[in-house]
Amino acid sequence: MEEKEISRAVIKRLPRYYRYLGELLDNGVERISSNELSDRMQVTASQIRQDLNNFGGFGQQGYGYNVKYLYHEIGKILGLDKTYNVIIVGAGNLGQALANYVRFEKRGFRVIGMFDVNTQLIGKKVRGIEIRMLDELMPFLAENDIQIATLTLPKSAAEEVAVKLVEGGVKAIWNFAHTDLNLPEDVVVENVHLSESLMQLSYNLTSRQREKHKK
């Protein structure tokens, strides 16, 4: 399959396809049409076909999609056929909640290290993962093949820590700090701004209430 530019909108929908197909598998569904998938996902059947055609298409006209096959193929596209070693920098409430989320491991994301500056956390373990002090970060990176680092720390420290992570060979950062990181182009950064998501929710709620009052 030739490499081609895929829009960010399509890429954002792929995890949704994967999740819905996984639910279909759990319910014993073997085959589904784009129209049926459309009803479940609230995405038009035409959009579904266009999205999947970016990767070669996986269905047959009048026959639909093999759910198991499509699930595994989208998993490959998302890179979920691999295992990733993950560390979490910032072992506060959010960091510990992420470490406790067992579904990550089912998707191939193995949290193998946690780091913080709070000395009161020394020796504490989260799901068997020992919380280490931040001054142990660089030796840990040198001894372990870490593909992904998760940042759940204050924005004042995020940039400095991110630079250290890159120096230690990390090529992907899942950033929960309230700041955008300025890193080399070959480092993949996914920024997760929880407050922005909540503000979008607030906007949508307010908009619906305004529309309701207009009627």
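Below you will find a few notes about this structure. Every chain is numbered independently, its residues counted from 1 as its sequence is written. Predicted model: local features are reported for residues with pLDDT of at least 70 only, side-chain atom pairs are reported and counted for 80 or more only, and whole-chain, interface and lining totals are derived from all residues. To obtain the side-chain values, all non-hydrogen atoms of the structure were used and water was disregarded.

In this section: the overall build of the protein chain. Strands here mean DSSP runs of E at least two residues long; helices mean DSSP runs of H or I at least four residues long; both are numbered from the N terminus. In terms of helices and strands, the protein chain carries 9 helices and 9 strands. Across its three principal directions, the C-alpha atoms of the protein chain cover 60 × 50 × 35 Å. The burial tally for the protein chain puts 39% of its 215 residues in the buried class. Taking the contacts inside the protein chain whose residues are at least 6 apart along the sequence as the reference set, 56% of them involve residues at least 24 apart. For every accessible area listed, the method is Shrake-Rupley and the probe measures 1.4 Å; residues are considered covered only by the protein chains on display. Accessible surface, the protein chain: about 13,800 Å² in total, of which carbon and sulfur atoms supply 48%. By the counting scheme adopted, Arg and Lys are positive, Glu and Asp are negative, and His together with the chain ends is not counted. Just so you know, the charge point we use is NZ for Lys, CZ for Arg, CG for Asp and CD for Glu. Taken together, the 28 basic and 27 acidic charged side chains of the protein chain have centroids lying 9 Å from each other. For the exposure calls, accessible area comes from a 1.4 Å probe over protein chains only, and a residue counts as buried if that area is under 20% of its type's maximum, exposed if over 50%, partly exposed in between. By the convention used here, residues are in contact when the closest approach between their heavy atoms is within 4.5 Å.

Our next topic: the nonpolar core. Side-chain atoms within 4.5 Å link the members of a nonpolar core, which is a set of buried Ala, Val, Leu, Ile, Met, Phe, Trp, Tyr and Cys residues. In this structure, Y17 and I74 are the most contacted members of the largest nonpolar core, which totals 22 residues. At the level of secondary structure, the elements contributing two or more residues to this core comprise α1 (8–26), α2 (34–41), α3 (45–53) and α4 (67–77). For Y17, the contacting residues outside a window of four places in its chain are L37, M41, V43, Q47, I48, D51 and I74. L137, F140, L151 and V187 belong to the second largest nonpolar core, which has 20 residues in total.

Here we take up the pattern of salt bridges. Oppositely charged side chains can pair when the atoms bearing their charge come close. Basic side-chain nitrogens of Lys or Arg form a salt bridge, by our definition, when they fall within 4 Å of a carboxyl oxygen of Asp or Glu. In the structure shown here, the tally under the stated rule is 6 salt bridges. Among the salt bridges present, the one from R8 reaches E190, with a minimum N-O distance of 3.6 Å. Of this pair, R8 sits in helix α1 while E190 sits in strand β9 (residues 188–191), and the two are 182 residues apart along the sequence. The exposure class of R8 is exposed, given its relative accessible area of 56%. Assessed through its relative accessible area of 38%, E190 is described here as partly exposed. The partner of E136 in a salt bridge is R132, and the shortest N-O contact between them spans 3.9 Å.

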